Amino acid sequence: MELDFERCYRAVDSRDQRFDGWFYTGVTSTGIYCRPSCPAITPKRQNVRFFPSAAAAQGVGLRACRRCRPDAAPGSPLWDVRADVVGRAMRLIADGVVDRDGVPGLASRLGYTERHLHRMLSAEMGAGPLALARAQRAQTARILIETTDLGMAEIAFAAGFGSVRQFNDTLREVYASAPSDLRTARGGQRTPAGAGTLALRLAYRPPLHAQALLDFFAVRALPGVDEVREGTYHRGLRLPHGTGEVALTPAAGHVAATLRLTDLRDLAPAVARCRRLLDLDADPTAIDATLAADPALAPAVAAEPGIRVPRAVDGFEMAVRAIIGQQVSVAAAQKTLTRLLAHRADHEVDETEPGLRGFLSAEEVLAVPDVGFGMPVGRRETVRGLARAVVDGSVDLAAGVDREEAVRGLLALPGIGPWTANYLAMRAFGDPDILLSTDLAVRRGAAALGLPDSPTTLDGYADRWRPWRSYATMRLWRAA
């Protein structure tokens, strides 16, 4: 990724928080790297280098600033929306694929050789997949050190390190402190050992219209899966090593997250999925500036800045929700989904699992009898066809999927049309430029704002909203 020195230096000199996560500032005279918004004295030009990732800064021997904690900055909005191989790789690394399957597993998921993948990531991110995963492991370890009383050996393996020695060496290199010193310096109240409960902050770029997210989730909440209660979104999670539950409470400058995990190795994937769910790595300033250039949307943008796209923690769940929600109201879809979920209540529940669990897996959906669906036969068979495709691997709904390939795979299934595939592209795959022009609520919202409300004319008009038509869709829904 090309970083223009003058533009980056101006952002650092003005301590502009909007660029946190876009790039990192390395200061050669002190041997540290910082966020652009670091409150320290602006370094001299001759002592500054800019890096596209924390791993790249660590790769030249710089340690994280103890004041601004750049390792905890918001994620880059560029990699959050990019659909190319590097963007997909960054999402998979954040989801812990390298820790679970190694670089060969990551390369296999992306369809490239390890060597070529390393070359692409090094060119764009300044570091290869191992270095990027190592930087994430260091941050995961720091969270566990500061928020739990777990022993260092337990933390080392929970964070994905292969040995305690590797854990110690990495943290000394990245933070210039021994793990025990990080715990002593942080102090404060920590979770009792073994509880599997963690409290952390999820940073974002302001503004964030939190109420819009909570409103969206509240009307679509499902019993046993998720709920909104007293300004907090509670959500069950299916994770690579077990189950989990998260409580997300929006606050000034961050979202407070309380995670309960059955296996602490799932911390990094859980954090990545929560960030994705709330669209926390978006750049609302850039998005709102584009949409506000349209006089029809300008008043809505001014009244409600920072609208995000509510996304997904589980691609299969979102696909089932989309299929059942075709051509019916939100309330009717919730009733049908609740009936489907009730089938799980007929089975013995593991009392050690959190109170809220994730949605049904594809295998569980296939085990539901006909009476458990409560929908027309055609739609029932569409849901089952999707579940079979996910089980046999012919359709991939994971975070790092190739969006175009996934959409093609979905459209090939009987009963899935463009609206459903595009809805998934927007919410499950993170495509920022989807306009659901045939959606009835979108058309009503367009009419309410004085915009064309026929699909063809609305499609043509919406070209001015590129590349943020997904965010325009959210605003049209709210206008309806």
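Preceding block: the structure.
The rules we used
Residues numbered from 1 in each chain as written. Predicted model: local features only at pLDDT ≥ 70, side-chain atom pairs only at ≥ 80, totals over all residues. Heavy atoms only, no water. Pairing = 2+ DSSP bridges. Helix = DSSP H or I, 4+ residues; strand = E, 2+ residues; numbered from the N terminus. Axes fitted to C-alpha atoms, helices over the stretch in contact; angles between N-to-C directions. Core = buried A, V, L, I, M, F, W, Y, C linked by side-chain atoms within 4.5 Å. Buried < 20%, exposed > 50% of the residue type's maximum accessible area, 1.4 Å probe, protein only. Contact = heavy atoms within 4.5 Å. Salt bridge = Lys/Arg side-chain N within 4 Å of Asp/Glu carboxyl O. 1 Å grid on protein atoms, 1.4 Å probe; cavity = no way out; pocket = protein on both sides within 12 Å on 5 of 7 lines; lining within 4 Å. Points joined across faces, edges and corners; volume = space filled by probe spheres on them. Nonpolar A, V, L, I, M, F, W, Y, C, P; charged D, E, K, R; others polar. Expected span 1.5 Å × (residues − 1). Arc of directions from axis to C-beta. Phe/Tyr/Trp six-rings, centres within 6.5 Å; stacked < 30°, edge-to-face > 60°. Lys NZ or Arg CZ within 6 Å of the ring centre and 35° of its normal.

One open sheet holds the five strands; their spatial order is E5-E9-E8-E7-E6, and the pairing between them is antiparallel. Both edges of this open sheet fall to strand E5 (197-203) and strand E6 (226-229), since each of them pairs with a single strand only. Along the sheet, successive strands turn relative to each other by an average axial angle of 25°, direction set aside. Here E5 runs beside strand E9 (residues 254-261); their pairing, made up of seven bridges, is antiparallel. Across the sheet, the residue bridging to Thr-197 is Arg-260, located in E9.

Further remarks concern the nonpolar core. Counting 118 residues, the largest nonpolar core has Leu-248, Leu-259 and Trp-465 as its most contacted members. No other element matches the seven residues that helix H15 (residues 315-324) contributes to this core. Leaving out residues up to four positions away in the same chain, Trp-465 has contacts with Thr-290, Leu-291, Asp-294, Leu-297, Leu-435, Leu-451, Leu-458, Ala-472 and Leu-476. With 22 residues, the next largest nonpolar core counts Ala-55, Ala-89, Leu-121 and Met-125 among its residues.

The next thing to look at is the environment of Leu-106. Relative to the helices and strands, Leu-106 is located in helix H5 (residues 97-110). Overall, Leu-106 belongs to the buried group, its relative accessible area being 0%. Here the alpha-carbon distance between Leu-106 and Leu-92, two residues 14 residues apart in the chain, equals 7.4 Å. Apart from the residues lying within four places of it in its own chain, the contact partners of Leu-106 are Ala-89, Leu-92, Ile-93, Val-97, Val-98, Leu-117 and Pro-129.

Turning to the pattern of salt bridges, a few remarks are in order. What the rule picks out here adds up to 31 salt bridges. For Arg-229, the salt bridge is made with Glu-227, and the minimal N-O distance between the two is 2.2 Å. Its relative accessible area of 39% is what places Arg-229 among the partly exposed residues. The exposure class of Glu-227 is partly exposed, given its relative accessible area of 30%. Put simply, Arg-265 and Asp-263 hold a salt bridge, and the shortest N to O gap is 2.8 Å. A relative accessible area of 42% means that Arg-265 is categorised as partly exposed. A relative accessible area of 18% means that Asp-263 is categorised as buried.

The next subject is empty space enclosed by the protein. According to the stated counting rule, one finds six cavities of 30 Å³ or more in the structure shown. In this model, the largest cavity occupies a volume close to 120 Å³. What lines the largest cavity is a set of 15 residues, among which Arg-235, Glu-317, Met-318, Arg-321 and Arg-427 lie closest to the centre. Breaking the lining of the largest cavity down by element, the ones donating at least two residues are strand E7 (232-239) and H15. Its residues assigned to classes, the lining of the largest cavity comprises seven nonpolar, no polar and eight charged.

Once that is clear, we can look at the sheet that holds strand E2 (residues 32-34). The four strands are arranged E3-E1-E2-E4 in an open sheet whose pairing can be described as mixed. Strands at the two margins of the open sheet, each flanked by one partner only, are strand E3 (48-51) and strand E4 (63-64). Sitting on the sheet, helix H1 (residues 5-13) touches strand E1 (24-27) and E3, and the angle it makes with E3 is about 100°.

A separate point is helix H6 (residues 114-125). Over its twelve residues, H6 extends 16 Å from the first C-alpha to the last, a length consistent with the 16 Å expected when each residue adds 1.5 Å. Inspection of H6 places Leu-117, Met-120, Leu-121 and Met-125 among the buried residues, and these make up the whole buried set. For H6, the angular spread of the buried residues around the axis is 100°, confining them to a single face. The exposed set on the far side of H6, more than 90 degrees from its buried face, consists of Arg-115 and Ala-123. Looking at the packing, one finds that the buried side of H6 touches helix H2 (54-59), helix H3 (77-81), helix H4 (85-94), H5 and helix H7 (129-147). Directly beyond the C-terminal end of H6, a positive phi value near 75° is found at Gly-126.

Time to look at the environment of Ala-332. Position of Ala-332 among the secondary structure elements: in helix H16 (residues 330-345). Put simply, Ala-332 and Ala-64 are 268 residues apart on the chain and 50 Å apart in space, counted from C-alpha to C-alpha.

As a further point, take the pairing of E9. Pairing of strand E8 (residues 242-251) with E9, which is carried by eight bridges, proceeds in the antiparallel orientation. Bridge pairing in E9 places Ala-251 opposite His-254. Hairpin connection from E8 to E9: two residues lie between these consecutive antiparallel strands, with Gly-253 at a positive phi of about 80°.

Here we come to helix H23 (residues 469-479). Most of H23 sits inside the fold, with nine of its eleven residues counted as buried. Taken residue by residue, H23 has Arg-469, Ser-470, Tyr-471, Ala-472, Thr-473, Met-474, Arg-475, Leu-476 and Trp-477 as its buried positions. Its buried side turned inward, H23 meets helix H11 (210-219), helix H13 (284-292), helix H14 (298-303), helix H20 (418-427) and helix H21 (440-448).

Attention now goes to the packing of aromatic side chains. The tally for this structure, following the rule as stated, stands at 13 aromatic pairs. Both rings, one in Phe-217 and one in Tyr-233, keep their centres 4.4 Å apart while their planes meet at 15°; by these two values the pair is stacked. Of this pair, Phe-217 sits in helix H11 while Tyr-233 sits in strand E7, placing them 16 residues apart in sequence. Accessibility expressed as a relative area gives 5% for Phe-217, which makes it buried. A network of ring pairs unites the aromatic residues Phe-216, Phe-217, Tyr-233, Trp-419, Tyr-423 and Trp-477 as a single cluster. Arg-142 extends its terminal NZ or CZ atom over the ring of Tyr-175, reaching a point 4.5 Å from the ring centre. Sitting above the plane of the Phe-216 ring, Arg-220 keeps its charged end 3.7 Å from the centroid.

The next point concerns the side chain of Arg-137. Its location among the elements puts Arg-137 in helix H7. Leaving out residues up to four positions away in the same chain, Arg-137 has contacts with Asp-99, Leu-130, Ala-159, Gly-160 and Phe-161.

Bringing the layout of surface pockets into the picture now. Its volume calculated, the second largest pocket comes out at about 900 Å³. Of all the secondary-structure elements, those providing two or more residues to the lining of the second largest pocket are H11, H15, H16, H20, H21 and H23. The element contributing the most residues to the lining of the second largest pocket is H11, with five residues. When the residues that make up the lining of the second largest pocket are grouped by side-chain class, the tally is 18 nonpolar, seven polar and nine charged.

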